[in-house]
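Chain residues, written in single-letter form:
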Amino acid sequence: MSVSTSQITVENPQGTPECFILKGRLNRETIPSFWPNSLQQLKNATSSQKPLILDFGHVDHIDTAGLAWLINLIRDARGQNIQFSVVNLPETLLNLAKISDVDGFLPLQ
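The structure presented is a predicted model; accordingly, all values stated were derived computationally and were not measured.

Procedures and definitions
- Residues numbered from 1 in each chain as written.
- Predicted model: local features only at pLDDT ≥ 70, side-chain atom pairs only at ≥ 80, totals over all residues.
- Heavy atoms only, no water.
- Axes fitted to C-alpha atoms, helices over the stretch in contact; angles between N-to-C directions.
- Helix = DSSP H or I, 4+ residues; strand = E, 2+ residues; numbered from the N terminus.
- Parallel < 35°, antiparallel > 145°, perpendicular 65-115°, else oblique.
- Contact = heavy atoms within 4.5 Å.
- Nonpolar A, V, L, I, M, F, W, Y, C, P; charged D, E, K, R; others polar.
- Salt bridge = Lys/Arg side-chain N within 4 Å of Asp/Glu carboxyl O.
- Expected span 1.5 Å × (residues − 1).
- Buried < 20%, exposed > 50% of the residue type's maximum accessible area, 1.4 Å probe, protein only.

Caption draft 1: Expanded view of the packing of helix α2 (residues 64-79) against helix α3 (residues 91-99). Between α2 and α3, the shortest axis-to-axis distance is 10 Å and the interhelical angle comes to 75°. Of the possible angle classes, the one that applies to α2 and α3 is roughly perpendicular. Between α2 and α3, the residues in contact are Thr64, Leu67 and Leu70 and Leu93, Leu96 and Ala97, respectively. A class-by-class count of the residues in the contact of α2 with α3 yields five nonpolar, one polar and no charged.

Caption draft 2: The pattern of salt bridges, seen in detail. Under the counting rule described, the total for this entry stands at three salt bridges. A salt bridge links Arg75 to Asp76, with the shortest nitrogen-to-oxygen separation between them at 2.8 Å.

Caption draft 3: Up close: helix α1 (residues 31-45). For α1, built from 15 residues, the straight-helix expectation of 21 Å at 1.5 Å per residue is met to within 8% by its first-to-last C-alpha distance of 21 Å. The set of residues buried in α1 consists of Ile31, Phe34, Ser38, Leu39, Gln41, Leu42 and Ala45.

Caption draft 4: Seen up close, unusual backbone geometry. In this structure, Asn81 takes a positive phi of about 55° despite not being glycine. Mapped onto the fold, Asn81 is located in the loop between α2 and β5 (84-87). Judged by its relative accessible area of 67%, Asn81 is exposed. The phi torsion at Asp101 lies on the positive side, around 60°, for a residue other than glycine. Position of Asp101 relative to the elements: it lies in the segment after α3.

Here it is, written out as structure tokens:
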């Protein structure tokens, strides 16, 4: 299954319902259309009985809007008892998180 919103794509490979691979640009242009379904996708995948993983390895651009999206997703997911970890975070995102002093909130794997 693949979901696309302008320049960001989320792939959920068959056979690994717990893994979400983000591809493209996660920024102020793509977040508004991407944000509304993010939590619902995680909620739908929680039945797999495996920890959920967001893979950022194919994100080629991320800005502060992408960081804000991730922090809010973490908050909203915790509020609904949805656990996930993030892998392959771009150096840009890690630097933004450190500068913003929120790197400790990221559920890194």
